Amino acid sequence: MKYHIHKAVVIGSGTMGAAIAAHLANAGVPVTLLDIVPKDAPADNKEARNKVVNEGWDRCLKARPANLMSAELRTFVKLGNLEDDFGAVADADWICEAIVENLKIKQDLMERIDPVRKPNAIVSTNTSGIPITSIAEGRSEEFKKHFLGTHFFNPPRYLKLLEVIPTKDTDKGVIEFISWFGEYRLGKGIVLCKDTPNFIGNRVAFGTGAFTMDYILKNGYTVDEVDAITGPLMGRPKTATFRLIDLVGLDVWDHVARNLAPLIPYDKLGQEYLKAEAPAKLMSTLLERKWLGNKTKIGFYKEVRGADGSNPQGASREFWPLDLNTFEHIPPTKPRFDSVKAAKDIESLGERLKVLLEADDKAAKLVKALTYQSFQYVSSIIPEVADTVKPIDDAVRWGFMHEAGPFETWDMLGVKESVEQMEELGYPTAAWVKDMLNAGVESFYQYDNDEKVGVYDVTQKKYVSIKRSEGMVILKQQKVVAENAGVSIRDLGGGVACLEFHTKMNALDEDIMNMADEAFHRLETDFDGLVIGNEAENFSAGANLFMMVVGAQQGMWDMLNAATTKLQDFNMRMRYSPKPVVVAPAGLALGGGCEITMHGSRIVAAAETYIGLVELGAGVIPAGGGTKEMLRRIVNPVMRVENAEPLAALQRAFLQMGQAKVATSAEEARAMNILSPSDRIVLNREHLLTEAKKEVLHMIAVGYKPPAPELIYAAGRDALAAIRIGAWMFQEGHYITQYDHYIAGKLAYVMCGGELTRGQWVSEQYILDLEREAILSLFGEERTQARMWNILQTGKPLRN
């Protein structure tokens, strides 16, 4: 390949620049983060000269949610300043600028970079709105060939969108490479944009957001009402409208909106609302008070501790919304609307919106206005910003975490029917939509079995094919070999099968265990390897708690024993399978989901995998082989060292399970010994099953063989006594409850192999039997049953 990125430089250590550097570290790319030298910094004081970059990086490391996938990854990042360390630019394969949004300052920086960059080094800007071509004015021909926009969305680790904006001078190979690198190395969804004002994501956000704010103020909606309606109910994140502005920062929101208006004088729809008086007055008042949102802890919401507004130690937090008339923060309410009550439990976004759009209360009117105006606006900016609807949908889904883009939503509701409603309510669509309908084309996308295979091109006036990466695994397109209500076996081709869970939250139940047995039978006869994975939001939230607690309360001990045995047997069968089994977790992989993951021949995990053994929160211990695996992974390696003592390793494993720790990324899971050094991490969730299949084929090609049966070190009664003392001290210090201590005692007993008189190596089955005995005894405890019911009813653990 002509281009590569082995070293990168990010210039600008503000919120975006530092977070981009952190995400490059997440991808394993060494990066130097540079910023200016303070004017009064002495020439011989490096710390003073690096003050700006040090403070920016420190803020990045303290930010929550975390920008780095693991604290250890910070070693990929070097800090420097633009005077002493500018030499790093000459050594970089990619120089990404993320400095202040000022054209002259950006141009001056590019003038410095031009003569020192390597011949094939790529230079990009993270500007959110300044024309890319303008930033490169006056630069050399070679610089312009290697220059483009790479607009990340904040925070870069979590928001998938990366807008790539080439100029007319950008080399085609640079565009292709940076798009490939963004998708495969950084895990991004790439949207190629034209060099138009605010590109696509922010153009849509502010063209529709300005209308939203104006409509809210004109029609007397409260902050509480708006955020109750415009969040998950409409297929949007929980941040909804006002929480989102607080998160972004009111100053940033206002700056982008003010900059956009003069750049689009021809955009009559945008101008009408970007220049509306009421929203401008609201924002200026809040900015004058320096109420900037989350960064100042006050904006459209204010954090309050204690019901009377005081801040007593340990009081629960509340977020009080702003009264848009009095500019005072008031106690939160729970707005209730008939339309919302009728729609909220409907799973399908399209069907949910149809119920809301057919109603006529205050909530329904807001949904109608926002939905139909968004359709009107996005249709009006085509073909200015894109020739097809797909880049706009992708930008909205990936950049703002919407369940569906505006045109995808429009298809769900029916294009023709929506156009008629829009006309009646005063939101006429763009002429090309009517032309499309008149030509007999009734949807923006062409579908094959609910999968989008084509998209309407406005310039060509026909569907064009949607390109997909060669060999991409899309489960819906794979043949079903066998299935029941909770799980399917699919043929991925090439001799590889996939076991796909599809229960609610992919909770493990009888259906899954039965089909797992079928999958192994077919693996023996029909397939060469197996992937265990799915395309749901979460891999598996663990065992079916409802089945467990009902069984316990009805004394169904044989059923509970059989269910636990089945999970243990499934995991052990997987661990010693003569053919490779690759587990591909993503999202939540908790309890039994974590245990299944750890027993695979190999793990290919999505980077954003949140995994851990959380059973103590439900009043039990890991009993599907999880306790055994933590001993094998943490204690065994230590005890293979001559004269080693087990206690420190035992305590580490005990605390990890006893505190129900959950890794906040796959990288963190590796540090917790849930993933091994040979397991793989995939940053792009959409490529996870494709990479898992590749891993199976690779293991087959190199002659995979299962591991030899491994003994487990059981430390015996002396270590058990030491751990019990530690747990007792935690209880006495009020760090854990009396019942936490009781469950911890059960866990310690299993981990140490019971009351063995001395430490010794035992079989895996010995520990599995102890796991099963312990969990069955805990099922019979009323306080365990109370914990399980509380999780089922509230989603939160009970500390009884």
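Residues numbered from 1 in each chain as written. Predicted model: local features only at pLDDT ≥ 70, side-chain atom pairs only at ≥ 80, totals over all residues. Heavy atoms only, no water.

A closer look at the overall build of the protein
(1) Moving on: The number of helices and strands found in the protein is 33 helices and 24 strands.
(2) Moving on: Whereas a compact globule of 800 residues would reach a radius of gyration of roughly 28 Å, the protein reaches 29 Å, a difference of no more than 12%.
(3) Moving on: Principal-axis analysis of the C-alpha atoms places the extent of the protein at approximately 85 × 70 × 65 Å.
(4) Moving on: The burial tally for the protein puts 55% of its 800 residues in the buried class.
(5) Moving on: Across the protein, contacts joining residues at least 24 apart in sequence account for 69% of those joining residues at least 6 apart.
(6) Moving on: As displayed, the protein offers around 35,200 Å² of accessible surface, 52% of which is attributable to carbon and sulfur atoms.
(7) Moving on: One finds the centroid of the 91 positive side-chain charges in the protein at a distance of 2 Å from the centroid of its 105 negative side-chain charges. (Helix = DSSP H or I, 4+ residues; strand = E, 2+ residues; numbered from the N terminus. Rg over C-alpha atoms; globule rule 2.2 N^0.38 Å. Buried < 20%, exposed > 50% of the residue type's maximum accessible area, 1.4 Å probe, protein only. Contact = heavy atoms within 4.5 Å. Areas by Shrake-Rupley, 256 points an atom, 1.4 Å probe, with all protein chains shown as cover. Lys, Arg positive; Asp, Glu negative; His and termini not counted. Charge placed at Lys NZ, Arg CZ, Asp CG, Glu CD.)

Some remarks on unusual backbone geometry
(1) Moving on: Cis rather than trans, the peptide bond between arginine 64 and proline 65 has omega equal to 5 degrees.
(2) Moving on: Tracing the chain through its elements places proline 65 in the loop between α3 (51–62) and β3 (77–81).
(3) Moving on: Note the cis peptide between asparagine 154 and proline 155, where omega equals 0 degrees.
(4) Moving on: Mapping proline 155 onto the fold places it in the loop between β6 (147–152) and β7 (161–166).
(5) Moving on: Notably, lysine 290 is not glycine yet its phi reads approximately 60 degrees, a positive angle.
(6) Moving on: Position of lysine 290 among the secondary structure elements: in the loop between α14 (277–288) and β9 (301–305).
(7) Moving on: We note that alanine 660 has phi near 50 degrees; this positive angle belongs to a residue other than glycine.

Re α14
(1) Moving on: Between the first and last C-alpha of α14 there are 16 Å, a value that for twelve residues agrees with the 16 Å anticipated at 1.5 Å per step.
(2) Moving on: Listed as buried for α14 are Pro279, Leu282, Met283, Thr285 and Leu286. Projected down its long axis, α14 carries its buried residues within an arc of 160 degrees, all on one side. Set apart from the buried face of α14 by more than 90 degrees, the exposed residues are Glu277, Lys281 and Glu288.
(3) Moving on: Tucked inside the fold, the buried residues of α14 contact α9 (201–218) and α12 (250–263).
(4) Moving on: Positioned one or two residues after α14, lysine 290 has a phi angle of 60 degrees, which is positive. (Expected span 1.5 Å × (residues − 1). Arc of directions from axis to C-beta.)

Examining the sheet that holds strand β12 (residues 451–457)
(1) Moving on: Ordered by their spatial adjacency, three strands build an open sheet running β11-β12-β13, and the pairing between neighbours is antiparallel. Each having just a single partner strand, β11 (445–448) and β13 (462–465) make up the two edges of the open sheet. Pairs of neighbouring strands in the sheet enclose a mean axial angle of 35 degrees, with direction left out of account.
(2) Moving on: When β12 meets β13, the two strands line up antiparallel, connected through four bridges. By the bridge assignment, valine 455 is partnered in β13 with valine 464. (Pairing = 2+ DSSP bridges. Axes fitted to C-alpha atoms, helices over the stretch in contact; angles between N-to-C directions.)

Some points on the sheet that holds β3
(1) Moving on: If you walk across this open sheet you meet the eight strands as β3-β2-β1-β4-β5-β6-β7-β8, and the pairing is mixed. On the outer flanks of this sheet lie β3 and β8 (189–192), each paired with one strand and no other. The sheet shows a mean angle of 25 degrees between the axes of neighbouring strands, taken without regard to direction.
(2) Moving on: With four bridges joining them, β7 and β8 adopt parallel strand pairing. Residue pairing in the sheet places glutamate 163 in a bridge with valine 191 of β8.

Things to note about the nonpolar core
(1) Moving on: Leu24, Trp94, Leu499 and Phe570 are the most contacted members of the largest nonpolar core, which has 121 residues in total.
(2) Moving on: Not counting the four nearest positions on each side in its chain, tryptophan 94 is found in contact with Ile5, Lys7, Ala8, Val9, Leu24, Ile122, Ser124, Thr150, Phe152, Ile178, Phe181 and Leu186.
(3) Moving on: Core analysis: the second largest hydrophobic core is formed by 108 residues, Ile99, Val191, Ala261 and Phe327 among them. (Core = buried A, V, L, I, M, F, W, Y, C linked by side-chain atoms within 4.5 Å.)

Here we look at the pairing of β6
Here is the key point about a regular strand: its side chains alternate between the two faces of the sheet.
(1) Moving on: In terms of residue burial, β6 counts as a mostly covered element, since six of its six residues are buried.
(2) Moving on: In terms of strand pairing, strand β5 (residues 122–125) meets β6 through three bridges, oriented parallel. When the bridges of β6 are listed, valine 123 appears paired with phenylalanine 147.

A look at the packing of helix α22 (residues 510–525) against helix α24 (residues 557–575)
(1) Moving on: Between α22 and α24, the shortest axis-to-axis distance is 10 Å and the interhelical angle comes to 25 degrees. In terms of axis orientation, α22 runs roughly parallel to α24. In terms of crossing hand, the pair formed by α22 and α24 is left-handed. Side by side, α22 and α24 meet where Glu510, Met513, Asn514, Ala516, Asp517, Phe520, His521 and Glu524 of the first sit next to Lys566, Leu567, Phe570, Arg573 and Met574 of the second.
(2) Moving on: The class makeup of the residues in the contact of α22 with α24 is six nonpolar, two polar and five charged. (Parallel < 35°, antiparallel > 145°, perpendicular 65-115°, else oblique. Left-handed = near helix turned anticlockwise from the far one by under 90°. Nonpolar A, V, L, I, M, F, W, Y, C, P; charged D, E, K, R; others polar.)

Let's talk about the packing of helix α16 (residues 349–358) against helix α19 (residues 406–413)
(1) Moving on: Interaxial distance between α16 and α19 falls to 9 Å at its minimum, and their mutual angle equals 70 degrees. Classed by the angle they form, the pair α16 and α19 counts as roughly perpendicular. Here Leu349, Gly350, Leu353, Lys354 and Leu357 of α16 come into contact with α19, specifically with Thr409, Met412 and Leu413.
(2) Moving on: For the contact of α16 with α19, the per-class residue count stands at five nonpolar, two polar and one charged.

Details of the environment of proline 321
(1) Moving on: Mapped onto the elements of the fold, proline 321 is located in strand β10 (residues 317–321).
(2) Moving on: By relative accessible area, which is 2% here, proline 321 ends up buried.
(3) Moving on: Residues proline 321 and phenylalanine 242 lie 79 residues apart in sequence; the distance between their C-alpha atoms is 9.1 Å.
(4) Moving on: When sequence neighbours within four positions are dropped, the list of residues in contact with proline 321 reads Val223, Asp224, Phe300, Tyr301, Glu328, His329, Ile330, Pro331 and Pro332.

A short note on the environment of asparagine 219
(1) Moving on: Tracing the backbone through its elements, the reader meets asparagine 219 in the loop between α9 and α10 (223–229).
(2) Moving on: Asparagine 219 sits 147 residues away from leucine 366 along the chain, and the two C-alpha atoms are 9.1 Å apart.

Comments concerning the packing of aromatic side chains
(1) Moving on: Considering all chains together, one arrives at 29 aromatic pairs under this definition.
(2) Moving on: What links up through ring pairs into an aromatic cluster is the set Tyr372, Phe375, Phe407, Trp410, Trp432, Phe444, Tyr456 and Tyr463.
(3) Moving on: Over the ring of tryptophan 291 we find arginine 289; its NZ or CZ atom is 5.0 Å from the centre of that ring.
(4) Moving on: Above the face of the tyrosine 445 ring, lysine 452 is positioned so that its terminal group lies 5.2 Å from the ring centre. (Phe/Tyr/Trp six-rings, centres within 6.5 Å; stacked < 30°, edge-to-face > 60°. Lys NZ or Arg CZ within 6 Å of the ring centre and 35° of its normal.)

Some remarks on the side chain of aspartate 93
(1) Moving on: Among the secondary structure elements, aspartate 93 is positioned in the loop between α4 (87–90) and β4 (94–97).
(2) Moving on: Judged by its relative accessible area of 7%, aspartate 93 is buried.
(3) Moving on: Among the polar contacts listed, one links the side chain of aspartate 93 to the side chain of histidine 4, at a separation of 3.5 Å.
(4) Moving on: Once you skip the residues sitting within four places of it in the chain, aspartate 93 turns out to touch His4, Ile5, His6, Lys7, Lys118, Asn120, Ala121 and Ile122. (Polar contact = N/O pair within 3.5 Å; in protein donor to acceptor, adjacent residues only side chain to side chain.)

Honestly, that's just the spatial picture; any functional story needs more than this.
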